[in-house]
Amino acid sequence: MLELNRVTAGYDRRDPVVRDVSLAVAPGESVGLLGPSGCGKSTLARVAALLHRPDAGSVVLAGAPVKGWRYRAPQEQRTAVGVVFQQPRLSADPRLSLRELIAQPLRSTGRRHEVAVRVAELAREVGLTGELLDRRPHAVSDGQLQRACLARALVLRPGLLICDEMTAMLDASTTAALVSVVEAYRAESGAALLAVGHDRVLLERWCDRTVRWEELDGTREPAEAVGARG
Amino acid sequence: MKKTSPARPVLSVAGLSVRFRMRGGRHVAAVTDATFDLAAGECLALVGESGCGKSVLASALLGLLPANAETSGAAVLDGDTDLVTAGERVLARTVRGRRIGLVPQSPAAHLTPVRTVRAQLEETLRELTGVRGPAVGPAARAAAGRAAFPADHLDRYPHELSGGLAQRAATALALIGDAPLLLADEPTTGLDRELVERTVDELRRHTDRGRALLLITHDLAAAGRIADRVAVMYAGRIVELADAERFFGRPGPRHPYARGLLEALPEREFAPIPGMPPELADLPAGCAFAARCPRADERCGLQPSFENGVACHHLTGVEIHRAEEPADA
């Protein structure tokens, strides 16, 4: 489903964060990527989600090589990947109600006729009730907002879901609830999963296999745990 | 709750409630009837999901609530100062930083972004300890050292620090006033496991040197690592207060919510509690957990009283009995 081949990426060409990393996720497989804060795993997740163009290396998504990132990515590739980030507040437009937030990907891809049915269906799956859907992000808790962000990531029925520290801000019960939503979707759709995080116990329980960042990044000594970025 | 503290409690909270007045005459009951003691050398972890009122309780203790908050009950510091009735003047001049040190939730946001760590430590030292002149420099290095902040990073700005180092800088600032009570509000949010453990272990060391620590967190693993006692908060109320060893080990939590929260951990059942917590603006008359509780019945229409460390109608004689066994200190 996803192949990352010798990817080098970062924010300064002279000092890349990700160096020569390869990772593959088979169709239907769930892979947990474990690493300390600041190791570059989120940057790699952004490359895989077509949100960050790598400096070198190649990405193959569902058999097709990726040629463009961000707005240059063709729609069918962009919409094949669903992404959930660590901080729901930073990834939700504060002006939209949760209902509009979940519906946004459908509207941007010209599928507004599906909105009513699909949003209702997903809201039920993630456990958001009618009245909550009309609220805007400032009026809901982090856990409720992350539920909406997960629903948004699933609304286009992606073949690959990328969860970057999806539950790092959440309590144990909400974590278990969101993971069970992801797994129910995967069981029904056959989607693959790349879950990025630092919680070994969680990822080992959740995923088919887990990969440690140090195993991927053979070109240098494991970096010291620096940086607040997940 | 009947735990007898060896010394006079550093903090004694009794019937503390916080309500926010909202538009249209509505009220949000953020904290209801919180009661607990905290002794020197002891760590009490206040756990619960986001939005359950934990941080509001912390803000109430520091007098940092917005103007529409109505606070009742008492929170007595060292037997002489009621934080609920003390005025802003008293809190600002004698309590914050001096008698209560705050280890904040997001250190990167707590630190002043345009000044170096050294400048912030020195300012706090001058303000709280009266150190002047050439003594300030060594005092700042010593303050940094107490929180294991590396001296060669003192001239960095907050944005140049990693999450772990920013956390230590904030802890160093909180320790300067030698406050007998440390209040840590989600000190480990966003840190990875190794940094979480290092951060809470440092807090535990400061507790072992005789401070009282109120650790507010949703991270049960962090709480289990360093707490002596655990208070579980749900929908603004403390629903269970237990010895940490018994809570995380055997016999385990007694309140159904606390049990559900612990069983949701990936190293345990990894099963969520069904449903979501109620809105604090729209709490049911009875037990707030009843709608999600596997044991709920008609008795739950009444608010359960907090007895023997737990607020639930469904505890059998055996479970009540457990609470009465002496808890080790």
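Since we're looking at a predicted model, the values are computed, not measured.

Peer 1: Before we go on, may I ask you to explain the overall build of chain B in this structure?
Peer 2: A tally of regular secondary structure across chain B gives 11 helices and 10 strands. In terms of C-alpha radius of gyration, chain B reaches 20 Å, essentially the compact-globule figure of 20 Å for 329 residues. The principal-axis extents of the C-alpha atoms in chain B amount to approximately 70 × 45 × 40 Å. In chain B, which comprises 329 residues, the share counted as buried stands at 48%. In chain B, of all internal contacts separated by at least 6 residues, the share reaching a separation of at least 24 is 63%.

Peer 1: Looking at this structure, I do not really get the environment of Leu-175 of chain B. What am I missing?
Peer 2: All names here are of chain B. On the secondary structure map, Leu-175 appears in helix 6 (residues 163-175). Taking the number of C-beta atoms within 10 Å as the measure of exposure, Leu-175 has 20 and is therefore buried. C-alpha of Leu-175 to C-alpha of Ala-144: the two residues are 31 residues apart in sequence and 9.5 Å apart in space. Beyond its immediate sequence surroundings of up to four residues, Leu-175 is in contact with Gly-101, Ala-143, Arg-146, Ala-147 and His-206.

Peer 1: What exactly am I supposed to notice about the interface of chain A and chain B here?
Peer 2: The figure often quoted for interface size is the accessible area lost as the parts come together. Between chain A and chain B, the residue contacts involve 28 residues of the former and 28 residues of the latter. Looking at the side of chain A that touches chain B, the elements with two or more residues in it are helix 6 (142-154), helix 7 (172-189) and helix 8 (200-206) of chain A. For the side of chain A that touches chain B, the leading source of residues is helix 7 of chain A, giving seven residues.

Peer 1: Looking at this model, I keep getting lost on the packing of helix 6 of chain A against helix 7 of chain A. Mind explaining?
Peer 2: Axis angle and axis distance: for two packed helices, these are the angle between their axes and the distance between the axes, and together they describe the pair. Residues and elements named next belong to chain A. Where helix 6 meets helix 7, the axes come as close as 11 Å, and the angle between the chain directions of the two elements is 10°. As far as their axial angle goes, helix 7 and helix 6 are roughly parallel. On helix 7, the residues that touch Gly-143, Gln-146, Arg-147, Leu-150 and Leu-154 of helix 6 are Thr-174, Leu-178, Val-181 and Tyr-185. Split by residue class, the contact of helix 6 with helix 7 holds five nonpolar, three polar and one charged.

Peer 1: I tried to follow the sheet that holds strand 1 (residues 2-9) of chain A on my own but got confused; where do I start?
Peer 2: Backbone hydrogen bonds are what pair the strands of a sheet, in a parallel or an antiparallel way. Residue and element names in this part refer to chain A. On the basis of which strands lie adjacent, the open sheet formed by four strands has the order 2-1-4-5 and antiparallel pairing. Edge positions in the open sheet fall to strand 2 (18-25) and strand 5 (64-65), since each of these has one partner strand only. In the sheet, strand 1 pairs with strand 2 via five bridges, with the strands oriented antiparallel. Residue pairing across strands places Leu-4 opposite Leu-23, the latter belonging to strand 2. Together, strand 1, strand 2 and strand 4 (56-61) form the strand contacts of helix 1 (residues 41-48), whose direction differs from that of strand 1 by roughly 125°.

Peer 1: Can you walk me through the confidence of the model for chain A in this structure?
Peer 2: Residue and element names in this part refer to chain A. When pLDDT is averaged across chain A, the result is 90; 94% of the residues are at 70 or more. Ranking the elements of chain A by mean pLDDT puts helix 5 (residues 130-133) last, at 86, and strand 7 (residues 160-164) first, at 97. A low-confidence stretch, residues 220-230 (pLDDT under 50), is modelled with 33 contacts involving residues beyond four sequence positions or located in other chains.

Peer 1: I keep staring at the pairing of strand 9 (residues 229-234) of chain B and nothing clicks. Help me out?
Peer 2: Consecutive residues of a regular strand have side chains that alternate between opposite faces of the sheet. All names here are of chain B. The buried count for strand 9 comes to six of six residues, which makes it a mostly enclosed element. Burial along strand 9 is two-sided: the face carrying Arg-229, Ala-231 and Met-233 and the face carrying Val-230, Val-232 and Tyr-234 are both buried. In this sheet, strand 9 lies alongside strand 3 (residues 43-47) in parallel orientation, the contact comprising four bridges. For Leu-44, the partnering residue across the bridge sits in strand 9 and is Arg-229. Where strand 9 folds back onto strand 10 (residues 237-243) in an antiparallel hairpin, the turn is made up of two residues, including Ala-235, whose phi is positive at roughly 50°.

Peer 1: Mind showing me how you'd approach the confidence of the model for chain B here?
Peer 2: Detailed conclusions should not be drawn from predicted coordinates in areas where pLDDT is low. All names here are of chain B. Looking at chain B, pLDDT values average 89 and 93% of them are 70 or higher. For residues 1-5, every residue scores under 50 in pLDDT, and the model assigns this stretch seven contacts once sequence neighbours within four places are set aside. At the level of chain-chain contacts, confidence expressed as ipTM amounts to 0.83, with global pTM at 0.84.

Peer 1: Honestly, the domain arrangement of chain B in this entry has me stumped. Any pointers?
Peer 2: All names here are of chain B. Structurally, chain B comprises domain 1 (11-99 + 179-324) and domain 2 (105-178). Facing 15 residues of domain 1, the contacting portion of domain 2 comprises 13 residues. Counting only elements with at least two residues in the side of domain 1 that touches domain 2, the list comes to strand 7 (181-185) and helix 7 (193-208). Per-element tally for the side of domain 1 that touches domain 2: the top contributor is helix 7, with five residues. The residue makeup of the side of domain 1 that touches domain 2, split by class, is five nonpolar, five polar and five charged.

Peer 1: When you look at the domain arrangement of chain A in this model, what are you seeing that I'm missing?
Peer 2: All names here are of chain A. Here chain A is described as being made up of domain 1 (1-80 + 161-230) and domain 2 (93-157). Just the C-alpha atoms count here: the centres of domain 1 and domain 2 sit 23 Å apart. At the junction of the two partners, domain 1 supplies 14 residues and domain 2 supplies 13 residues. By residue number, the principal contributor to the side of domain 1 that touches domain 2 is helix 7, which donates seven residues. In the side of domain 1 that touches domain 2, the residues fall into nine nonpolar, four polar and one charged.

Peer 1: Help me out: how do you make sense of the nonpolar core in this one?
Peer 2: One broad trend across soluble globular proteins is that nonpolar side chains are buried collectively. The biggest cluster of nonpolar side chains holds 174 residues, and the ones touching the most others in it are Leu-194 of chain A together with Leu-215 of chain B. Of the residues forming this core, the biggest block, eight residues, is contributed by helix 6 of chain B. Among residues more than four places away in sequence, those in contact with Leu-194 of chain A are Leu-2, Val-25, Val-31, Leu-33, Ala-45, Ala-48 and Ile-162 of chain A.

What counts, and at which threshold
- Residues numbered from 1 in each chain as written.
- Chains lettered and ligands numbered in written order.
- Predicted model: local features only at pLDDT ≥ 70, side-chain atom pairs only at ≥ 80, totals over all residues.
- Helix = DSSP H or I, 4+ residues; strand = E, 2+ residues; numbered from the N terminus.
- Rg over C-alpha atoms; globule rule 2.2 N^0.38 Å.
- Buried ≥ 20, exposed ≤ 12 C-beta atoms within 10 Å, placed from the backbone.
- Contact = placed C-beta atoms within 7 Å.
- Axes fitted to C-alpha atoms, helices over the stretch in contact; angles between N-to-C directions.
- Parallel < 35°, antiparallel > 145°, perpendicular 65-115°, else oblique.
- Nonpolar A, V, L, I, M, F, W, Y, C, P; charged D, E, K, R; others polar.
- Pairing = 2+ DSSP bridges.
- pLDDT = per-residue confidence, 0-100.
- Domains from an automatic or database assignment.
- Core = buried A, V, L, I, M, F, W, Y, C linked by C-beta atoms within 7 Å.

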